[in-house]
Amino acid sequence: LPLDTSCLLNELQGTPLKITSHIIPRKTKRRKIDTSMAEDILDKSWKRISIILDSVSHCASPQDCYQLVPNLFELLESCLELGMQLHHIQLQLLSVLSWAITMTTTHMGLEKTRELLPESQFNVDLIIQSIRSSSSTPQLQQHSLSLLSVAASVYPVRILHNIMSIFTFMGAYLSHHDDQYSFEVVLLAMDNLLPILMSNDNSGQTSKKSANQVTVTVVEIIRVFSDAVEHIPYHRQLIVFEKLVTMCGVHDYLHVTLSVLIGKLVAKQPHDNQQQNELIPVFCKELSVKFSLATQVTSLHKMIKYISHLPDIMPTTVGSARKVAISETGDIFDVRTHSTKQIRLYKLFIMALIIRILSCDELINKVNFGLNKDQELIFLSLLQVAISYIVTVNTTINPDDLIVKKCYSIVDHVTHLLPMRSYVEVMSQLITPGAQCSIQKKCLDIMCSHLMSSQRQFALSNVTNVLTLLPLLNKLIQSKQLPDGNKVSAISLITVIICRIGSGYHDNITEVIPHLIKAISSKSRSSHIMVSSMKCISEMVKTLGGHFIPHLPHVIPLLLAAMTSQDCSVAVAATEAITIVMETLPKFLSPYISDVVRKGCCCGILTEHATLNTATEKLRAQLATNIPSRLLVPSLVCCYEDVTTEEVTFDVQLC
């Protein structure tokens, strides 16, 4: 039959647990005998308590067993103070406490349990002390952790605030007793406590998570492990953090873990442990490569996006700082407690880690196995956020700043990492006509630079992939809504593609010529577009050779007209293009020799522009060298007559 809880309380409270002063007299002769008698009394008292505890779970009423909790904690405190061999009593106390809280929660519910058992009655420090005192007793540690697990479901905030003490002690203990059992205890504590803590927020209710916000609870848990990492032996750290990230959720919290660990570098002073500072980035890289390629790249994407939300300087108002620190970034790196210099260092450390991960052999090997469509989309998002960050920082800080250089380095690592097919497919989606103009132009410039500096020989499959860009670039040139700067970048990219793929694909290349002719002939086009178009035509002539002959009647008159342009850059580009045509196809210029001689003799003589003078001198040299005398002399005579008729007072100069 169930006993009234008050009867059990009276029995427990009426049992003497301490050696009082009147039991042990001060006379030295009888101290040993009296101490033995006192210990015998205590031994009997604890045996009586043990019997009572054994009967609690069978006799106590589940509805009011919560009344036993304060007294049970007092017994546990006395048990720990005595330091005697009372491990069995401790086990019983911990078990009864777990039973009492579990029964109360089951019959009363969480809210009622919190009312009947206030947090002040639950002594977490005693449980932690019990864990510390049970280093040689596995059962005690397991029971203590079990009690913490039960308590975590009722008092998540209280346990969370004390979890630092638990894991810091366990890490320190593990560093002094580096054995497999001690390590298993730490893993057991994680298995018991973390799931319960992560299922509750600060109010004890499930919190709503969004894609751009992490719960404060999980971030605090990760920060606890990050602060305790120095106490864990290095060869155990990876296993502990891999388990931590897996339990928290790899997709959502790998980047949080890496970011929090890197934040430790900012907080350290220059005279701190430099070896530990160097080990943290290496450890972060090793932790990252433990997971799949998609998870790694997604975490890098989130890290770049995270630092892009951080201000460049420490916010001056508390409200704005709090909004940035918590609302958008989940308080991973609190800008309110860091200086402007530390914020900048944090960004640099994050980008350095991203570069380290992108250049590691493990990730490169995963990419070399081939990418599927989903993985290509992940790389697309990584490039997009990196280029967006470049566009942002270019408008706020010096383009030569180290942060900008690190951003470009990240993009370079990604572009060199991807196979040509994947690279072209990913970048093509960033330069479509509907893409954001600033990102589109930056992508065009990056592709141009990458293809120009690439040391890789273009295999047949690579050329086929690159040629797929030409129709897309033609659309960009024809677009009326696109800024002129974007069109210039598109034409420059066409020029580089023509230079790299050679003359074997003239059918694909000649499709661009009508659009370039239209760009040169249009009066509404800017000089930058005209110059880029003429440079592209020059490259086509060198690459295509005889395949360009059918287009000479359409191109040469436009170039001759542009040689007299008031814009020096346009005149120079036209003169250089005529020079290249004359150098490559001299036998097919006979219809235009007179005009070329006249332009070559007159242009540049009266100008003060050294660049134009140099270009016309090269043109005259090509006239004198490549054009046969039977064609050149009549043209010179005709030019001389025209000049003297117009009464222009300057000498006709020929090389």
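Please read all numbers here as calculations on a predicted model, not as lab measurements.

Bringing the overall build of the protein chain into the picture now. Secondary structure assignment for the protein chain yields 32 helices and zero strands. Sequence-distant contacts, at least 24 apart, represent 76% of the contacts inside the protein chain between residues at least 6 apart. Counting only carbon and sulfur atoms, one obtains 54% of the accessible surface of the protein chain, whose full area is about 30,600 Å².

So, about the packing of aromatic side chains. The geometry of two aromatic rings is summed up by the distance between their centres and the angle between their planes. Applying the stated criterion to the full structure yields six aromatic pairs. Centre to centre, the rings of phenylalanine 241 and phenylalanine 283 are 5.3 Å apart; their planes meet at 80°, and the pair counts as edge-to-face. A residue pair is termed long-range when its members are at least 10 positions apart, and phenylalanine 241 in helix α11 (residues 234-248) and phenylalanine 283 in helix α13 (residues 274-288) qualify at 42 residues. Looking at phenylalanine 283, the relative accessible area reads 4%, which means it is buried. On the numbers, 4.0 Å between centres and 10° between planes, the contact of phenylalanine 333 with tyrosine 346 is stacked. Taken together, the residues span a long stretch of sequence, with phenylalanine 333 in the loop between α15 (318-328) and α16 (340-358) and tyrosine 346 in helix α16 at a distance of 13 residues. Here the two residues phenylalanine 333 and tyrosine 346 agree in accessibility, since each one is buried. Here the aromatic cluster, defined as three or more aromatic residues joined through ring pairs, consists of Phe73, Phe122 and Tyr155.

The next subject is the side chain of histidine 301. Following the sequence through the fold, histidine 301 ends up in helix α14 (residues 293-309). Of the residues examined, histidine 301 reaches a relative accessible area of 18% and is grouped as buried. Each residue touching histidine 301, except ones within four places of it in the same chain, is listed here: Ser381, Leu382 and Val385.

Turning our eyes to something else, we now look at helix α26 (residues 513-521). Looking only at α26, the buried set comprises Ile513, Leu516, Ile517, Ala519 and Ile520. For α26, the buried positions fall inside an angular range of 160° around the axis, keeping them on one side. Looking at the buried residues of α26, the elements they touch are α24 (484-501), α25 (506-510), α27 (527-544) and α28 (552-562).

The N-to-C vectors of helix α10 (residues 216-228) and helix α12 (residues 250-267) enclose an angle of 45°; their axes lie 10 Å apart at closest approach. Judged on the interaxial angle alone, α12 and α10 are oblique. Judged by the twist between their axes, the crossing of α10 over α12 is right-handed. Contacts from Val218, Val219, Ile222, Arg223, Ser226 and Asp227 in α10 reach Tyr253, Val256, Thr257, Val260, Leu261 and Lys264 in α12. Residues that form the contact of α10 with α12 fall into these classes: seven nonpolar, two polar and three charged.

Moving on, we come to the pattern of salt bridges. In total, this model carries nine salt bridges according to the counting rule given. As a salt-bridge pair, glutamate 115 and lysine 112 come within 3.8 Å of each other at their nearest N and O atoms. Taken as a pair, glutamate 115 and lysine 112 lie in helix α5 (residues 110-116) at a separation of three residues, close to a single helical turn. We classify glutamate 115 as exposed; its relative accessible area is 57%. Between aspartate 252 and lysine 302 there is a salt bridge, with the nearest N and O atoms lying 3.9 Å from each other. With aspartate 252 in helix α12 and lysine 302 in helix α14, this residue pair connects regions lying 50 residues apart in the sequence. Residue class for aspartate 252 comes out partly exposed when judged on its relative accessible area of 40%. Here lysine 302 falls in the buried class, since its relative accessible area comes to 17%.

It is worth spelling out the environment of serine 590 at this point. Residue position: serine 590 is located in the loop between α29 (568-584) and α30 (593-602). Owing to a relative accessible area of 43%, serine 590 belongs among the partly exposed residues under this scheme. The spatial distance from the C-alpha of serine 590 to the C-alpha of proline 628 is 9.8 Å, given a sequence separation of 38 residues.

Helix length check: helix α21 (residues 437-453), at 17 residues, gives a terminal C-alpha distance of 24 Å against a target of 24 Å (1.5 Å per residue), a fit within 8%. Listing the buried residues of α21 in full gives Ile439, Gln440, Lys442, Cys443, Leu444, Ile446, Met447, Cys448, His450 and Leu451. Residues of α21 that are buried sit in contact with α18 (373-396), α19 (402-417), α20 (420-430), α23 (469-478) and α24.

Ranked by internal contacts, the top residues of the largest apolar core, which has 201 residues, are Phe122, Tyr346, Phe379, Leu473 and Met540. Tallying contributions element by element places α18 first for this core, with 11 residues. Counting five residues, the second largest nonpolar core, distinct from the first, contains Cys568, Ala571, Leu612 and Ala615.

Calculation criteria
Residues numbered from 1 in each chain as written. Predicted model: local features only at pLDDT ≥ 70, side-chain atom pairs only at ≥ 80, totals over all residues. Heavy atoms only, no water. Helix = DSSP H or I, 4+ residues; strand = E, 2+ residues; numbered from the N terminus. Contact = heavy atoms within 4.5 Å. Areas by Shrake-Rupley, 256 points an atom, 1.4 Å probe, with all protein chains shown as cover. Phe/Tyr/Trp six-rings, centres within 6.5 Å; stacked < 30°, edge-to-face > 60°. Buried < 20%, exposed > 50% of the residue type's maximum accessible area, 1.4 Å probe, protein only. Arc of directions from axis to C-beta. Axes fitted to C-alpha atoms, helices over the stretch in contact; angles between N-to-C directions. Parallel < 35°, antiparallel > 145°, perpendicular 65-115°, else oblique. Left-handed = near helix turned anticlockwise from the far one by under 90°. Nonpolar A, V, L, I, M, F, W, Y, C, P; charged D, E, K, R; others polar. Salt bridge = Lys/Arg side-chain N within 4 Å of Asp/Glu carboxyl O. Expected span 1.5 Å × (residues − 1). Core = buried A, V, L, I, M, F, W, Y, C linked by side-chain atoms within 4.5 Å.

These figures come from the coordinates and say nothing about function on their own.
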